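Here is what each chain is made of, one letter per residue.
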Amino acid sequence: MKHQYTKLLIIIMAIGLGSCNKTIDLDPITSDTESNFYRDQKDCLQGLAAAYNVLLWDAPQNQNAPFQLISEVLGDKCFTGGASATDLPALQRVDRGALRTDDLTAKALWYKYYSGIYRTNILLEKLPAASFDEPELRERYAAEAKFLRAYYYFDLVRLYGNVPLILKVLAPSEYNQKQASPEEVYKQIGDDLLAAINTLPRYRNLTPDEYGRATSDAARGLLMRVWLYYTGYCKKSAMPNVSSQQILTISEELINNSGHDLLPKFSDVFINDAPFNHNNREAVFEIQYSSKANSGNFSYREEANGNLSVMLWSMRDPNSASVYAAGWSFAPIDAEFYNSFPNDDLRKDATFLLPKNLSVSFTPGYQNTDIFPKKWLALKANQSSRGDFRLNFPNHFISIRFSDILLMAAELQLLHGGTIGKAQTYFEKVAKRAHSSTYSPPTVTLDVIYRERELELALEGQRYWDLMRRGLDYAQARIDINRGEPFISKFNKDAEGLFPIPQEEIINTKYVLNQNKGY
């Protein structure tokens with residue numbers, strides 16, 4: 001853990017809410033350091049921006065590791081891809097349940113999330129003593145920091161299971177932290193999100209220049225997701241600090257009073273060219289990728305602010321006459337998933353791109369299936385003139401969509417003390433948008449909800465975690481695929497679906513950290 005707690009603030013001072021605008025000069029140009037920086041409202045806003053900025057780290061430690069793409073490769077809808085079988089070996093080990101304790105992907109994501117947690121912790125420690133022209137903003141900044149800390153810890157605990165719970169800036173004598181139990185981590189996530197719910201503004205009250213910042217409704221949505229995952233994966237009846245009745249009430253408040261709603265057309269949620277449709281009312285929490293970074297290159301990708309999944313997931317070398325930019329063809333989509341998608345479902349055309357059907361030729365990559373995601377496309381028109389355009393695609397990523405809220409609420413109503421009538425209503429709102437007026441929706445069951453989630457949230461990084469919360473046997477039965485080389489995927493049931501604790505971290509803590517089962 002030591003390297004997470006020895007960074008000077010000068011590293012993050014170049015970060016704004018939208019972008020970096022120059023490379024970092026290692027020769028100090030200011031006397032501001034971590035110890036004296038957080039003096040006033042302006043300083044604290046920069047510190048908050050630095051905490052948000054970690055959301056944009058799709059290549060921490062220069063490893064190609066966007067969380068949404070990694071999550072899809074872990075699941076049952078995408079393979080490894082790339083130029084060849086040796087293009088990104090660590091990603092193939094993710095796909096085949098064969099991660100090593102020294103794999104850089106696991107190390108990079110550990111680094112990313114603890115970097116974000118560090119930035120939230122230092123802000124929370126410094127806020128009380130800072131001077132504010134608008135005192136109410138002190139509480140808002142603290143609540144946003146708690147939302148982000150909960151967001152980062154949720155990804156950490158899902159990936160690694162057994163992680164240190166660090167809620168302050170550590171002194172050197174405290175670096176060797178023991179792992180907390182998952183229950184302790186989830187309780188802290190719940191505490192942070194409840195605090196955010198009670199303090200942050202509602203979505204309906206935001207001004208447009210505030211879109212992308214955490215709201216009380218985003219905290220409600222994230223808490224719903226955390227609650228369902230914890231009770232499913234950990235086989236509990238409720239979270240330690242949130243009962244089933246509380247989460248039902250929280251979901252109802254979000255649905256009825258937030259100002260969020262579905263857009264009339266599914267395809268309008270995912271518009272890939274300017275002026276896009278970013279931060280629309282269906283976006284409960286949206287990651288604000290940007291093409292504005294002047295810096296960020298293949299030597300230090302954390303300075304880039306673009307959506308790297310766009311580059312990773314798009315086809316290789318499309319013909320020059322097409323509108324498409326060249327990508328790297330990672331995470332090819334399983335043809336069986338495409339074929340299982342009903343042809344009368346209006347989401348199918350908005351979810352998948354089949355270049356050959358458009359007379360677009362391209363260079364086939366490893367495990368090519370001729371199918372690519374349409375929700376995020378690499379377009380020539382979106383290539384930035386700043387930094388390296390391959391790292392700066394401006395397509396936002398909606399981390400929590402209102403349709404997901406409705407389907408989670410349907411599940412909560414069905415299984416956790418609600419009513420079948422409300423479960424049916426919430427399910428139908430999502431399903432009917434995807435069909436013609438003659439569509440007759442089925443009676444809601446858990447399997448019906450899961451199938452709807454599979455279609456509605458396809459390729460958005462949710463599938464693996466949905467499988468995990470229904471049990472390890474359920475996940476293994478769907479993830480284990482063997483159609484002969486190269487189309488093989490495997491689930492590591494011995495590891496309970498978790499990543500390994502990075503071996504370097506175990507060594508750095510003098511073996512205070514324990515390795516997960518199955519490694």
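An account of the accompanying structure is given in this report. As the structure is a prediction and not an experimental result, all values here were calculated from the model.

**Describing the pattern of salt bridges**
By the definition in use, this model includes 45 salt bridges. In this structure, aspartate 155 and arginine 158 form a salt bridge, with 2.6 Å as the shortest nitrogen-oxygen distance. Here arginine 158 and aspartate 155 lie together in helix H5 (residues 136–160), a separation of three residues that amounts to about one turn. Note that glutamate 456 and arginine 433 form a salt bridge whose closest N and O atoms lie 3.0 Å from each other. Taken as a pair, glutamate 456 in helix H14 (residues 446–456) and arginine 433 in helix H13 (residues 420–433) lie far apart in primary sequence, 23 residues in all.

**Some thoughts on helix H7 (residues 216–233)**
Relative to the 26 Å expected for 18 residues at 1.5 Å per residue, H7 spans 25 Å between its end C-alpha atoms, a close match to the ideal helical length. Among the 18 residues of H7, 18 are classified as buried, and the element is accordingly described as predominantly covered. Following H7 by one or two positions, lysine 235 has its phi on the positive side, about 55 degrees.

**Some remarks on empty space enclosed by the protein**
A complete count under the given rule lists 13 cavities of 30 Å³ or more for this structure. Estimated volume of the largest cavity: approximately 180 Å³. Of all the elements in the fold, those that place two or more residues in the lining of the largest cavity are helix H2 (67–74), helix H4 (104–126), H5, H7 and strand E4 (397–401). When residues in the lining of the largest cavity are grouped by element, the largest group, five residues, is from H5. Residue composition of the lining of the largest cavity, grouped by class: ten nonpolar, four polar and six charged. Quantified by volume, the second largest cavity comes out at close to 130 Å³. Among the residues making up the lining of the second largest cavity, the classes are represented as seven nonpolar, seven polar and two charged.

**Examining the packing of aromatic side chains**
Taken as a whole and assessed by the stated rule, the structure comprises 34 aromatic pairs. An angle of 75 degrees between the planes, with centres 5.4 Å apart, marks the rings of phenylalanine 37 and tyrosine 38 as edge-to-face. For phenylalanine 37, a relative accessible area of 2% translates into the label buried. For tyrosine 38, a relative accessible area of 7% translates into the label buried. Ring centres of phenylalanine 341 and phenylalanine 352 lie 5.3 Å apart, and the angle between their planes is 85 degrees; this geometry places the pair in the edge-to-face category. Linking phenylalanine 341 in the loop between helix H10 (335–340) and helix H11 (347–351) with phenylalanine 352 in strand E2 (residues 352–353), this pair joins segments that are eleven residues apart in sequence. The same class applies to phenylalanine 341 as to phenylalanine 352, namely buried.

**A closer look at the pairing of strand E1 (residues 283–287)**
Taking burial as the measure, the five residues of E1 include five buried ones, the bulk of the element. Taken together, the four bridges between E1 and E4 define a ladder with antiparallel strand orientation. Within the sheet, the bridge partner assigned to phenylalanine 285 lies in E4 and is isoleucine 400.

**Considerations on unusual backbone geometry**
Of the consecutive residues alanine 274 and proline 275, the connecting peptide bond is found in the cis state with omega at 10 degrees. Within the secondary structure, proline 275 is located in the loop between helix H8 (244–257) and E1. The residue after glutamate 485, namely proline 486, is reached through a cis peptide bond having omega 5 degrees. Considering the arrangement of structural elements, one finds proline 486 in the loop between strand E5 (481–482) and strand E6 (488–489). Positive phi outside glycine occurs at glutamine 61, with the angle close to 55 degrees. Relative to the assigned elements, glutamine 61 resides in the loop between helix H1 (41–53) and H2. Phi at lysine 235 is positive, roughly 55 degrees, even though this residue is not glycine. Tracing the sequence through the fold places lysine 235 in the loop between H7 and H8.

Cut-off values and rules
Position labels on residues start from 1 in each chain and follow its written sequence. Note on the predicted model: pLDDT of at least 70 is required for a residue's local features to be given, and 80 or more for side-chain atom pairs to be given and counted; whole-chain, interface and lining totals, by contrast, use all residues. Excluded from the side-chain calculations are hydrogens and water; all other atoms, namely the structure's heavy atoms, are used. Salt bridge, as applied in this entry: a Lys or Arg side-chain nitrogen positioned within 4 Å of an Asp or Glu carboxyl oxygen. For the purposes of this entry, the term helix denotes a DSSP run of H or I that reaches at least four residues, the term strand denotes a run of E that reaches at least two, and both are numbered from the N terminus. Helix span, as expected, comes to 1.5 Å for every residue beyond the first. Accessibility here uses a 1.4 Å probe with only protein chains present; expressed as a share of the type maximum, an area under 20% marks a residue as buried, one over 50% as exposed, and anything in between as partly exposed. Only protein atoms enter the 1 Å grid, on which a cavity is a set of points fitting a 1.4 Å probe that cannot get out and a pocket is an open set with protein on both sides within 12 Å along at least 5 of 7 lines, lining residues being those with an atom within 4 Å of a point. Grid points are joined across faces, edges and corners, and a volume is the space filled by probe spheres set on the points. Three classes are used, and their members are as follows: Ala, Val, Leu, Ile, Met, Phe, Trp, Tyr, Cys and Pro are nonpolar, Asp, Glu, Lys and Arg are charged, and the others, Gly among them, are polar. Ring pairs shown here join Phe, Tyr and Trp side chains whose ring centres sit within 6.5 Å, with only the six-membered ring taken for Trp; geometry is labelled stacked below 30 degrees between planes, edge-to-face above 60, and tilted in between. Here, a strand pair is defined by DSSP locating no fewer than two bridges between the strands.

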